[in-house]
Amino acid sequence: MATELAVETERNLIGGQWVPAASGKTFENRSPADGNDLVGVFPESDRRDVDAAVAAAKKAFPAWRDMPAPRRGEILYAAGEILKRDKEKLARLMTREMGKVLAETRGDVQEAIDMAFLAAGEGRRLFGFTTPSELSNKFAMCIRQPVGVCAFVTPWNFPMAIPAWKGMAALIAGNTVVIKPATDTPASVVALARVFEEAGLPAGAWNVVMGSGGAVGDPLVSHPDVKVVSFTGSTEVGRRISVACAPTFKRVHLEMGGKNAILVMDDADVELAVEGALWGAFGTTGQRCTASSRLLVQRKVYDGFVMKLVEGAKALRVGNGLEAGVDVGPCVSERQRESVAKYIEIGKQEGAKLLCGGEKLSAGDLSRGWFLSPAVFADADAKMRIACEEIFGPVTTVVPIDSLDEGIRIANSVPYGLSGSIYTQDVNKAFKAMREFETGLFYVNSSTIGAEVHLPFGGMKDTGNGHREAGIAGLDVFTEWKSIYVDFSGKLQRAQIDTYESAD
Ligand code: UN1
């Protein structure tokens, strides 16, 4: 415990050097579970640091791009091994830093390990394709090439998994990176940078600049030498980034909000559905873009479902995520808790029934953190704000439905489209919902969370802009396709023309 509490003064990583911010200023980051726990002191950077980091990434790009991809894969494989070795230490740091319980921060590190190994293997694939030419003695193929310097703006809720989703894919493809971590979780990203350093990643391939969205994020995403921007966060900020990147035609990958619905049908295994709803709604203190924030329950099972859900929510233990037996950690910050508390008031005013939770907890040690008891609203109308807007906290809303069609219609009625789920024993209903949900992720008899790294992750509508991360699809964000034709006929052959030239 003693070493854990040692305060680190961290620096930016630029071109392989750990350097203070040009401003000389720093900011503190304290644990959301315990304001007495100072996690670290971090550089308060600005445009000057961004410029230096982008220049370093640009300089490192040609050598990293030209290193054979299997060799790049070996470095990522080594990073995966180090993450494995340090999993427990990293998980504890992340729980201190952002609050979710240890089991979940272990999962967060594991997701980075999985992504490292997936990407490492990809070093020996990175498949393009060959295809016949329409002309004789002509060879046609298509290869992936890296794009250049990538800028990442990453969130605090998955402070290692999300940088790893983006980072492992970008690096294996031969790009270099400048990352701006969320100000609530710089330490986790510094830890990941140290892992890359130890794994032998060349200087400049991975640069970290810490600071606010205005002082660091804005100059980073609009920097002329940045070719790809990958952002995970709110739809509002994503829209701003999209606009900022339009004039230079940067490739922009956006992963934004969600308002994910679970449908619970009359024939569902209700116990299982309640378990899934509790995990999906209150895991990570509800601070997931994939959180189960809407529970659309058919009338026959409605009362039983709600009763068991409330029983389960009340039984969850809220506290410091480092402590054994705690199920739900704090909100990430005072601001976040305030914003969630506001929604509790909105829900009450709208006339939904608050059946439990929604209270700021301050008994004993809890007074040192941003704790809020898990809240269940029931008998809500699908049009209420609490049933349509992303709350990003420990709040879920139950809406009664009469049929599968109504459930699907309500599920699709929000602007977001990340994840969805159905609990049913009826294969026909499951397949209909699978097809009709306007979401990038869908689960059957399982909660709205639980994405695995080898499948594409992302959403439709206001959740994303058509890209996916992780899986093989994630490579599309970080590579350009190049189509190559090799003519070995020794003569001029004109496509479309000579192909169909008649004998005369
Ligand atoms: C997020 O919600 O921001 O499926 C990412 C999940 C995790 C990733 C979630 N594997 O919930």
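In this text, all values refer to a predicted model and were calculated from it rather than measured experimentally.

### Comments concerning the sheet that holds strand β14 (residues 292-298)
Pairing is mixed in the open sheet, where seven strands are placed in the order β15-β16-β17-β14-β13-β19-β20. Two strands lie at the open edges of the sheet, namely β15 (353-356) and β20 (441-444), each paired on one side alone. For this sheet, the mean inter-axis angle between neighbouring strands, taken without regard to orientation, is 20°. With three bridges joining them, strand β16 (residues 375-378) and strand β17 (residues 395-401) adopt parallel strand pairing. Bridging across to β17, Val376 finds its partner in Thr396. Packing of helix α10 (residues 299-315) onto the sheet brings it into contact with β13 (260-264), β14, β15, β16 and β17, and relative to β14 it is tilted by some 145°. Against the sheet, helix α12 (residues 404-411) contacts β13, β14, β17 and β19 (419-423), and its axis sits at roughly 160° relative to β14.

### Points about helix α6 (residues 186-199)
With 14 residues, α6 ought to run about 20 Å at 1.5 Å a step, and its terminal C-alpha atoms sit 20 Å apart, in line with that. Summarising burial for α6: eleven of the 14 residues are buried, a large majority. Pro186, Ala187, Ser188, Val189, Val190, Ala191, Leu192, Ala193, Val195, Phe196 and Ala199 are the residues of α6 that are buried. Trailing α6 by a residue or two, Gly200 shows a phi angle of about 100°, which is positive.

### Considerations on the pattern of salt bridges
Going through the model one piece at a time under the given rule, you end up with 33 salt bridges. Of the charged contacts, one joins Arg96 and Asp37 as a salt bridge, the two residues approaching to 2.7 Å between their closest N and O atoms. Residue Arg96 is located in helix α3 (residues 87-98), and its partner Asp37 is located in strand β5 (residues 34-43); the two are separated by 59 residues in the primary sequence. Among the salt bridges present, the one from Asp405 reaches Lys432, with a minimum N-O distance of 3.3 Å.

### Observations regarding helix α1 (residues 47-66)
In a regular helix each residue adds 1.5 Å, so 20 residues correspond to 28 Å; α1 covers 29 Å between its end C-alpha atoms and thus fits that length. The largest bend along α1 reaches roughly 40° and is located at Ala60, with the proline Pro62 sitting one to four residues downstream. All of the buried residues in α1 are Asp49, Val50, Ala53, Val54, Ala56, Ala57, Ala60, Phe61 and Trp64.

### What to know about the sheet that holds strand β4 (residues 26-31)
Pairing is mixed in the open sheet, where three strands are placed in the order β1-β5-β4. At either margin of the open sheet sits one strand with a lone partner, and together these are β1 (8-9) and β4. By the bridge criterion, six bridges tie β4 to β5 in an arrangement that is antiparallel. Paired with Glu28 across the strands is Val41, a residue of β5.

### Overview of unusual backbone geometry
One non-glycine residue, Asn137, lies in positive phi territory at about 50°. Structurally, the position occupied by Asn137 is in the loop between β6 (129-132) and β7 (138-146). Note on Asn137: relative accessible area 42%, which makes it partly exposed. With a phi angle near 55°, Thr285 is a residue other than glycine that sits in the positive phi range. Summarising the element assignment, Thr285 is placed in the loop between α9 (270-282) and β14.

### Regarding the domain arrangement of the chain
Here the domain parsing of the chain yields domain 1 (39-256 + 464-483) and domain 2 (261-444). Centre-to-centre separation of domain 1 and domain 2, based on C-alpha positions: 31 Å. Counting residues at the interface gives 17 residues for domain 1 and 20 residues for domain 2. For the pair domain 1 and domain 2, the summed buried area comes to about 1,500 Å², and 63% of that belongs to carbon and sulfur atoms. Three residues stand out in domain 1 for area buried against domain 2, namely Val101, Glu104 and Trp156, and they jointly supply 33% of the buried area on that side. Put simply, domain 1 and domain 2 have one salt bridge between them. When the shortest N-O distance is used, the salt bridge between Glu104 and Arg288 registers 3.6 Å. For the pair domain 1 and domain 2, the interface holds three residue pairs in polar contact (both at pLDDT 80 or more).

### Concerning the packing of helix α2 (residues 69-85) against helix α5 (residues 161-172)
Running from N to C, α2 and α5 cross one another at 155°; their axes reach a closest spacing of 9 Å. By the angle between their axes, α2 is roughly antiparallel relative to α5. Contact with α2, carried on its side by Ala69, Arg72, Gly73, Leu76 and Leu83, involves Met168, Leu171 and Ile172 of α5 and no other residues of that element.

### Overview of the nonpolar core
It is characteristic of soluble globular proteins that their nonpolar side chains tend to be buried jointly. In this structure, Leu83, Met160, Met168, Leu171, Phe196 and Trp206 are the most contacted members of the largest nonpolar core, which totals 70 residues. Two domains each provide a minimum of three residues to this core, namely domain 1 (39-256 + 464-483) and domain 2 (261-444).

### Some words on the site of the ligand
In the neighbourhood of the ligand, the contacting residues comprise Glu111, Asn157, Phe158, Ile162, Trp165, Arg288, Cys289, Thr290, Ile449, Gly450, Ala451 and Phe457. A distance of 3.1 Å is found between an oxygen atom of the ligand and a side-chain nitrogen or oxygen belonging to Asn157. Between the ligand and the protein, one listed contact pairs an oxygen atom with a backbone N or O atom of Cys289 at 2.9 Å. Taken by itself the ligand offers 310 Å² of open surface, and the protein chains cover 98% of this. Taken together, the residues of the shell around the ligand break down into seven nonpolar, three polar and two charged. Domain assignment of the residues forming the shell around the ligand places at least three in each of domain 1 (39-256 + 464-483) and domain 2 (261-444).

Definitions and limits used
For every chain, the first residue of its written sequence is number 1, and the numbers climb from 1 along that sequence. Reporting of local features is limited, given that this is a predicted model, to residues whose pLDDT is at least 70; pairs of side-chain atoms are given and counted only at 80 or more, and all residues count toward the totals for whole chains, interfaces and linings. Hydrogens and waters are ignored; side-chain quantities use all the structure's heavy atoms. Strands qualify as paired when DSSP identifies two bridges or more between them. Secondary structure counts use DSSP, requiring at least four H or I residues in a row for a helix and at least two E residues in a row for a strand, with both numbered from the N terminus. Structural elements are reduced to axes, namely lines fitted to C-alpha atoms, with helices fitted over the stretch in contact, and the angle between N-to-C directions of any two is expressed from 0 to 180 degrees. In what follows, a contact means two residues having at least one pair of non-hydrogen atoms within 4.5 Å. Expected helix span is given by 1.5 Å per residue-to-residue step, counting one fewer step than there are residues. Burial here depends on accessible area, computed with a 1.4 Å probe over protein chains only, as a share of the maximum for the residue type. Under 20% is buried, over 50% is exposed, and the range in between is partly exposed. We define a salt bridge as a contact between a side-chain nitrogen of Lys or Arg and a carboxyl oxygen of Asp or Glu at a distance within 4 Å. One axis fitted to the seven residues ending at a residue, another fitted to the seven starting there: the angle between these axes is the bend at that residue. Note that domain bounds follow an automatic or database assignment of domains. Buried area: the accessible surface (1.4 Å probe) lost by two parts on joining, summed over both. We call two N or O atoms a polar contact when they sit within 3.5 Å, provided that within protein one can donate a hydrogen and the other can accept it, with sequence-adjacent residues counted only if both atoms are side-chain atoms. Relative orientations are named as follows: roughly parallel for angles under 35 degrees, roughly antiparallel for angles over 145 degrees, roughly perpendicular for angles from 65 to 115 degrees, and oblique for any other angle. We define the nonpolar core as a collection of buried residues of types Ala, Val, Leu, Ile, Met, Phe, Trp, Tyr and Cys that are connected through side-chain atoms lying within 4.5 Å of one another. Only a single heavy atom is needed: when it lies within 4 Å of a molecule or strand, its residue is near that molecule or strand. Methods summary: accessible areas were calculated by the Shrake-Rupley approach with a probe of 1.4 Å, and residue burial reflects only the protein chains presented. Only Asp, Glu, Lys and Arg are considered charged in this grouping, and only Ala, Val, Leu, Ile, Met, Phe, Trp, Tyr, Cys and Pro are considered nonpolar; every other residue, Gly among them, is considered polar.

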